[in-house]
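Residues per chain are reported as follows:
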Amino acid sequence: MKFGIVFFPTVGPNDKASVQYFDECLRLVDLAEELGFLHVKMVEHYFFPYGGYSPDPLTFLSAAAGRTHHIRLGTSATIPAFQHPVKLAGKFAMLDNISRGRVDAALGRAFLPDEFEAFEIPLDESQVRFDEGVEALKRLWSEEDVVFEGQFHRFGPVTLLPRPVQEPHPPIFVTTARSAESCAAAGRKGHHLQTVPNVMSTEELQNRLSLFRSERAAAGYAPDTGQIHFSYPCVVDPDPVAARGKGRFDDDRNTEAIHAAVASWGRTTSSAYPGYEKLFEATRTSRFEDKLTAGKILIGSPDQVRGQLENIAAWFGDDIVISLGVHSGHLSFEDAATTMRLMAEDVIPKLHHV
């Protein structure tokens, strides 16, 4: 197993000022570099406390690039449907140059109806727009004099400047929450996979990983070249009682944020998102204890979290990369820093699966 850090704010102005939140996150980026974590990531969302402090993760990652030298910089995830591909390709390529080739490009469809409404994009077009956007980005990064004739974008011939440092392009991760077909398609196209175990059962996730790996192998890609990244909320404290209390508080606030963000699914359906109309009720009945018991969150003392990670490795394989959600904004900077130090010094070195 390898480990990185992911930032997913679930706060608004009534909870913590955005200036303070970003200042704390950048200080944690410094700590992540010092402790040797693999990556830092930032999400893209709009309008709601659920991720809304980060409408442009590449801006945050550019700031992180200027104060680091080794750690990789990833989106978690950027939404091609919400930007013109020439603009998005250029922003990624510029960051890849600023960071001297440390960018990971995680791309997703998005799933909140209010965001699609604001961008005046029908929900039912999300998959087609995603596929077209990824194709356009890959061509812009790796080809010259690109002529593109898509359903939603037509341009060319254009040659992107600057060219990415990484050849033929930055690693591409497909971010998916529930779709088995998205996992299969990522494997067939040779992309990497990024997902959130919290939204499905262990058995469902095992099936999706098996599908990703088998489709990738059938397409001729070497089995050890496909990366799989999971994201887990994480609170570690020397005192297991304190860890549990902090973890419960953070999870409750995160659940409140997503419940508010998915409220529009209570009155929306889309053929592109089967079953998503159940999200509003699912988040209403979400319980901390259930998630802790099911291994959906990493909460506890170093020994307890080490045991939780051993279970994850047994369920999904020890080649999984874990992105630790250490700072949603509800706990203090000191709590997040303690989690990171304990993970780096007392948890990861003692894992059997590393």
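Below is a short write-up of the structure. Just so it is clear, the structure is predicted and the values come from calculations on it, not from any experiment. Sequence order sets the numbering: in each chain, residues are counted from 1 along the sequence as written. Since the coordinates come from a predicted model, pLDDT governs what is reported: local features require at least 70, and pairs of side-chain atoms require 80 or more to be given and counted, while whole-chain, interface and lining totals use all residues. Side-chain descriptors were evaluated using all non-hydrogen atoms of the structure, hydrogens and water having been removed beforehand.

What follows covers the environment of Thr195. By definition, any uninterrupted DSSP run of H or I lasting at least four residues is a helix, any uninterrupted run of E lasting at least two residues is a strand, and each is numbered from the N terminus. Mapped onto the fold, Thr195 is located in strand S8 (residues 192-195). Only protein chains enter the accessibility calculation, which uses a 1.4 Å probe. A residue is then buried if its area is under 20% of the maximum for its type, exposed if over 50%, and partly exposed in between. On the basis of relative accessible area, Thr195 is assigned to the buried category, the value being 3%. Sequence spacing of Thr195 and Asp335 is 140 residues, and the spatial spacing of their C-alpha atoms is 25 Å. Residues contacting Thr195, with those up to four places away along its chain left out, are Thr176, Ala177, Met200, Leu205, His229, Phe230 and Ser231. Separated by 2.7 Å, the side chain of Thr195 and the backbone oxygen of Thr176 make a polar contact. Throughout, a contact is declared for two residues whenever any of their heavy atoms are within 4.5 Å. Residues adjacent in sequence count toward polar contacts only when both atoms are side-chain atoms; beyond that, a polar contact is any pair of N or O atoms within 3.5 Å, and within protein one must be able to donate a hydrogen and the other to accept it.

Here the focus is empty space enclosed by the protein. Computed over the protein atoms alone on a 1 Å grid, cavities are sets of points where a 1.4 Å probe fits but cannot get out and pockets are open sets with protein on both sides within 12 Å along at least five of seven lines; a residue lines them when it has an atom within 4 Å of a point. Grid points are joined across faces, edges and corners, and a volume is the space filled by probe spheres set on the points. Per the stated rule, a full pass over the model turns up 3 cavities of 30 Å³ or more. Its volume calculated, the largest cavity comes out at about 50 Å³. Lining the largest cavity are Pro80, Ala81, Gln83, Pro85, Arg129, Glu132, Gly133, Phe152 and His153. In terms of residues, the lining of the largest cavity owes the most to one element, helix H5 (residues 126-142), which gives 3 residues. For this classification, Asp, Glu, Lys and Arg are treated as charged, while Ala, Val, Leu, Ile, Met, Phe, Trp, Tyr, Cys and Pro are nonpolar and the rest, including Gly, are polar. Of the residues contributing to the lining of the largest cavity, the split by class is 4 nonpolar, 3 polar and 2 charged.

Function-wise, these values are silent; they only describe arrangement.
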